[in-house]
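Residue-level listing of the chains:
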Amino acid sequence: MGKNPEELLKTAEQEEYHHLVNRMKPKPPLAQNCMWAFVVGGLICVVGQIIMEYFISLGYSRQDAVSLESTSMIFLGALFTGLGIYDNLGAKAGAGSVVPITGFANAIVAPAMEFKREGYIFGVGAKMFSIAGPTLLFGFTASVLIGLAKLIMLYL
Amino acid sequence: MSLLMAFLVGGGLCLIGQLVMDLTKPGVSPGHILVGYITIGALLSAFGLYQPLVDIGGAGATVPLSGFGHSLAQGAIKEVAEKGWLGAFTGGISATAGGITAAIVFGYLAAVLFDPKD
């Protein structure tokens, strides 16, 4: 089946149009994105540092203070996602809002909220793990493999 | 001073994530970033390369998800020395139990209590 000249012209026009669109589309402002990610991510870590030093000043060991800091940051990440503030921040900050542990909390709450109509058990309860599940899977698997590697090294 | 170091190290780790997201085609999703950070953090930690970052940056290295991977790896290594092979299965999760339980419980509560904004 050969294409008639009209169709060929149409295809050519479409290609030209796509080419034009790609040329005119604003390039992702890489430097600006990186600056936002650096500043917002850095500031989130400063909040974590303040929380950690507060718990150390209360007499907790450094290791427990880190656990308390993670727990507090997860609480804050979940709260600000619920309030609708975290995703607004994320639109500008990109990886600056994804990489910190508050971003992990965000990845749990944001998809879970959207699936309430499917119920609180298999809607919210299942969708909350759509990103957290794979993350924990790879984290746990890595920790088991590292533990077993350490075991082998102890017997060598 | 510790606040400045947390800002610089934490900001730097986020900047690397942004570069990965922007310079890969097709773009790496935030989900991939989370999986990548926890896994690479655990591996760096196993080779003793993450602890120096924690010593320098404090929360700047423990707040990013790579710090969570670091806790998983160090927990497994520590408990293997104490309990043998059982420690490989219990160590990582015991070390991070607080954070994981908080994420599940607070995450569920927030999703139930709040509605999505648009």
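For clarity, every value in this text was computed on a predicted model and none was experimentally measured.

Thresholds, definitions, all that
Residues numbered from 1 in each chain as written. Chains lettered and ligands numbered in written order. Predicted model: local features only at pLDDT ≥ 70, side-chain atom pairs only at ≥ 80, totals over all residues. Helix = DSSP H or I, 4+ residues; strand = E, 2+ residues; numbered from the N terminus. Buried ≥ 20, exposed ≤ 12 C-beta atoms within 10 Å, placed from the backbone. Axes fitted to C-alpha atoms, helices over the stretch in contact; angles between N-to-C directions. Parallel < 35°, antiparallel > 145°, perpendicular 65-115°, else oblique. Left-handed = near helix turned anticlockwise from the far one by under 90°. Contact = placed C-beta atoms within 7 Å. Nonpolar A, V, L, I, M, F, W, Y, C, P; charged D, E, K, R; others polar. Expected span 1.5 Å × (residues − 1). pLDDT = per-residue confidence, 0-100.

On to the overall build of chain A, then. Of regular secondary structure, chain A possesses 8 helices and 0 strands. Ordered by position from N to C terminus, the α and β elements of chain A give α-α-α-α-α-α-α-α. Taken over the C-alpha atoms alone, chain A extends approximately 80 × 40 × 40 Å along its principal axes. Taken over 156 residues, chain A has a buried fraction of 42%.

Here we take up the packing of helix 8 (residues 129–155) of chain A against helix 2 (residues 30–46) of chain B. It is the contact of helix 8 of chain A with helix 2 of chain B, at a shortest axis distance of 9 Å, that shows an interaxial angle of 15 degrees. Compared by their axis directions, helix 8 of chain A and helix 2 of chain B come out roughly parallel. Seen along the crossing, helix 8 of chain A lies across helix 2 of chain B with a hand that is right-handed. Along the contact surface, helix 8 of chain A presents Ile131, Pro134, Thr135, Phe138, Gly139, Ala142, Ser143 and Ile146 of chain A, while helix 2 of chain B presents Gly31, Leu34, Val35, Ile38, Thr39, Ala42, Leu43 and Ala46 of chain B. Across the contact of helix 8 of chain A with helix 2 of chain B, the residue classes break down as 11 nonpolar, 5 polar and no charged.

The next point concerns helix 3 (residues 62–82) of chain A. If you check helix 3 of chain A, its first and last C-alpha atoms are 30 Å apart, about what 21 residues at 1.5 Å a residue would give, namely 30 Å. A positive phi of about 85 degrees marks Gly84 of chain A, the residue just after helix 3 of chain A.

Attention now goes to the packing of helix 5 (residues 65–83) of chain B against helix 6 (residues 85–113) of chain B. Residues and elements named next belong to chain B. With their axes 7 Å apart at the nearest point, helix 5 and helix 6 run at an angle of 135 degrees to one another. Between helix 5 and helix 6, the interaxial angle falls into the category oblique. For the crossing formed where helix 5 meets helix 6, the hand is right-handed. Across the interface between the two elements, Phe68, Ser71, Leu72, Gln74, Gly75, Ala76, Lys78, Glu79, Val80, Glu82 and Lys83 from helix 5 touch Leu86, Gly87, Ala88, Thr90, Gly91, Gly92, Ser94, Ala95, Thr96 and Gly99 from helix 6. Each residue belonging to the contact of helix 5 with helix 6 can be placed in one class, and the counts come to 7 nonpolar, 10 polar and 4 charged.

Quick look at the environment of Ile56 of chain A now. All names here are of chain A. For Ile56, the location among the structural elements is in helix 2 (residues 30–57). Note: C-alpha distance between Ile56 and Val66 (10 residues apart in sequence) is 9.1 Å. Filtering out sequence-adjacent residues up to four positions away, Ile56 remains in contact with Arg62 and Ala65.

Each partner contributes residues to the interface: chain A has 64 residues there, and chain B has 64 residues. Among the elements of the structure, helix 2, helix 3, helix 5 (95–98), helix 6 (101–114) and helix 8 of chain A are those that each provide at least two residues to the side of chain A that touches chain B. Taken together, the residues of the side of chain A that touches chain B sort by class into 43 nonpolar, 18 polar and 3 charged.

Low pLDDT marks stretches whose predicted atomic positions should not be read closely. Within chain B, residue pLDDT values average 95, and 99% of them lie at 70 or more. Among the prediction metrics, the complex's ipTM stands at 0.95, with pTM recorded as 0.87.

On the secondary structure map, Met35 of chain A appears in helix 2. When the C-alpha positions of Met35 of chain A and Tyr17 of chain A are compared, they lie 33 Å apart, and in sequence the two are 18 residues distant.

Before going further, it helps to spend a moment on the environment of Ser70 of chain A. Within the secondary structure, Ser70 of chain A sits in helix 3. Distance in space between the C-alpha atoms of Ser70 of chain A and Thr102 of chain A is 8.7 Å, their sequence separation being 32 residues. Ignoring anything within four residues of it in the chain, the contact list for Ser70 of chain A reads Ile101 of chain A together with Gly98 and Gly99 of chain B.

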